[in-house]
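# Report on the structure
These are the residues of each chain, in order.
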Amino acid sequence: MMREKSTEERNMEVILDVMGCKTRREIINLLREEPRFVSEISKELDIGQKAIIEHLRAMEEAGILSSFFRKIERGRPRKYYDISRDIHISITINRNNFRVDVVDDLLQRKQLPPGDEWSRLLNLENKIMNGQWEAIEELKNLIRLYDHLKKRAEDLLREAEMRRKRD
C-alpha cells in the first residue's frame, strides 16, 4: 500500500517539476531584473506567446510567480509577471540519502545571511537531520568561528567608535 504524500512533498515535486524546464528557468532569470508582460518575455526569449503563457501559468500555479495589471497610456492594462517569493532548494544525494528540501520565504524561517554561509549551515542541518552525527563536530567548529568573527566585529566597532569620537 502506498502512503499518501504530505503537502510539503507535493509542493516540492511541483516546484522541482516546474523548475526542471530550461525555458522556465530562463523566464525566472528575466524576471529577476524586473516584472515583465508576455510579449516582452516572448520577444526576449524568441519563443511564441502561447508557449510563454503556459509556462507562466504553471509557475504562477506553483506559487513561484505572481501577476498584476498595470495601465498603459493606450489600450487595455497589461498583465505583468514577477517573482512572488524567495525559495531555496537544497538537494542532498549520497549513498545513504536522497533528500530535497524546499525552504520557502527564507528570511521568515531563520534570520541568517544568504550565500555560502547559509548554504553551509543548511547542509549541516540536513546532515544532522539524517543522522550523520559527525556533522555535529563540524557545527561546533562553525559556531566557534562565528563567535570569533562576532568578537572581532565587536572589537572593530568599538575601535571605530573611539576613533570617530577623537576626530
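As shown above, the structure is provided for reference.
Residues numbered from 1 in each chain as written. Predicted model: local features only at pLDDT ≥ 70, side-chain atom pairs only at ≥ 80, totals over all residues. Heavy atoms only, no water.

From N to C terminus, the chain includes seven helices and five strands. Listed N to C, the secondary structure of the chain is α-α-β-α-α-β-β-β-β-α-α-α in terms of helices and strands. Surface summary for the chain: the accessible area is close to 12,800 Å², and the carbon and sulfur share equals 51%. (Helix = DSSP H or I, 4+ residues; strand = E, 2+ residues; numbered from the N terminus. Areas by Shrake-Rupley, 256 points an atom, 1.4 Å probe, with all protein chains shown as cover.)

What follows covers the environment of Asn96. Tracing the backbone through its elements, the reader meets Asn96 in the loop between strand 4 (87–94) and strand 5 (97–104). Residue class for Asn96 comes out exposed when judged on its relative accessible area of 73%. Separated by 36 residues in the primary sequence, Asn96 and Gln132 have C-alpha atoms spaced 9.6 Å apart. (Buried < 20%, exposed > 50% of the residue type's maximum accessible area, 1.4 Å probe, protein only.)

Let us look at a nonpolar patch on the surface. On the surface, a cluster of nonpolar side chains totalling about 490 Å² of accessible area is made up of Leu16, Ile89, Ile91, Ile93 and Phe98. Of all the elements, strand 4 adds the most residues to the nonpolar patch, at three residues. The topology assignment puts Ile89 in strand 4. (Patch = residues over 30% accessible without salt bridge, like charges linked within 9 Å, V, L, I, M, F, W, Y side chains within 5 Å. Salt bridge = Lys/Arg side-chain N within 4 Å of Asp/Glu carboxyl O.)

On to the packing of aromatic side chains. Per the stated rule, a full pass over the model turns up two aromatic pairs. For the ring pair Phe37 and Tyr80, a centre distance of 5.3 Å and an interplane angle of 75 degrees mean the geometry is edge-to-face. Of the two residues, Phe37 is situated in strand 1 (residues 36–37) and Tyr80 in strand 3 (residues 78–83); the sequence distance between them amounts to 43 residues. Look at Phe37 and you get buried, because its relative accessible area is 12%. For Tyr80, a relative accessible area of 9% puts it in the buried group. Ring centres 5.7 Å apart and planes at 10 degrees place the aromatic pair Phe68 and Tyr80 in the stacked group. (Phe/Tyr/Trp six-rings, centres within 6.5 Å; stacked < 30°, edge-to-face > 60°.)

Given a rise of 1.5 Å per residue, 13 residues ought to cover 18 Å, and the 18 Å separating the end C-alpha atoms of helix 4 (residues 49–61) matches this to within 8%. Of all the positions in helix 4, only Ile52, His55, Leu56, Ala58 and Met59 are classed as buried. The buried residues of helix 4 all sit within an arc of 160 degrees when viewed along its axis, so they share a single face. Helix 4 presents Lys50 and Glu61 as exposed residues on the side facing more than 90 degrees away from its buried surface. Immediately downstream of helix 4, the backbone of Gly63 shows phi near 85 degrees, a positive value. (Expected span 1.5 Å × (residues − 1). Arc of directions from axis to C-beta.)

Relative to the helices and strands, Asn97 resides in strand 5. Contacts of Asn97, omitting those with residues within four sequence positions, involve Thr92 and Asn130. (Contact = heavy atoms within 4.5 Å.)

This brings us to the packing of helix 2 (residues 22–33) against helix 3 (residues 38–45). Where helix 2 meets helix 3, the axes come as close as 11 Å, and the angle between the chain directions of the two elements is 115 degrees. Where helix 2 crosses over helix 3, the handedness of that crossing is right-handed. For the pair helix 2 and helix 3, contact is made by Thr23, Glu26, Ile27, Leu30 and Leu31 and by Ile41, Glu44 and Leu45, respectively. For the contact of helix 2 with helix 3, the residue count by class is five nonpolar, one polar and two charged. (Axes fitted to C-alpha atoms, helices over the stretch in contact; angles between N-to-C directions. Left-handed = near helix turned anticlockwise from the far one by under 90°. Nonpolar A, V, L, I, M, F, W, Y, C, P; charged D, E, K, R; others polar.)

This part is about unusual backbone geometry. Positive phi is not limited to glycine here, since Asp46 has a value of about 55 degrees. When you line up the elements, Asp46 lands in the loop between helix 3 and helix 4.

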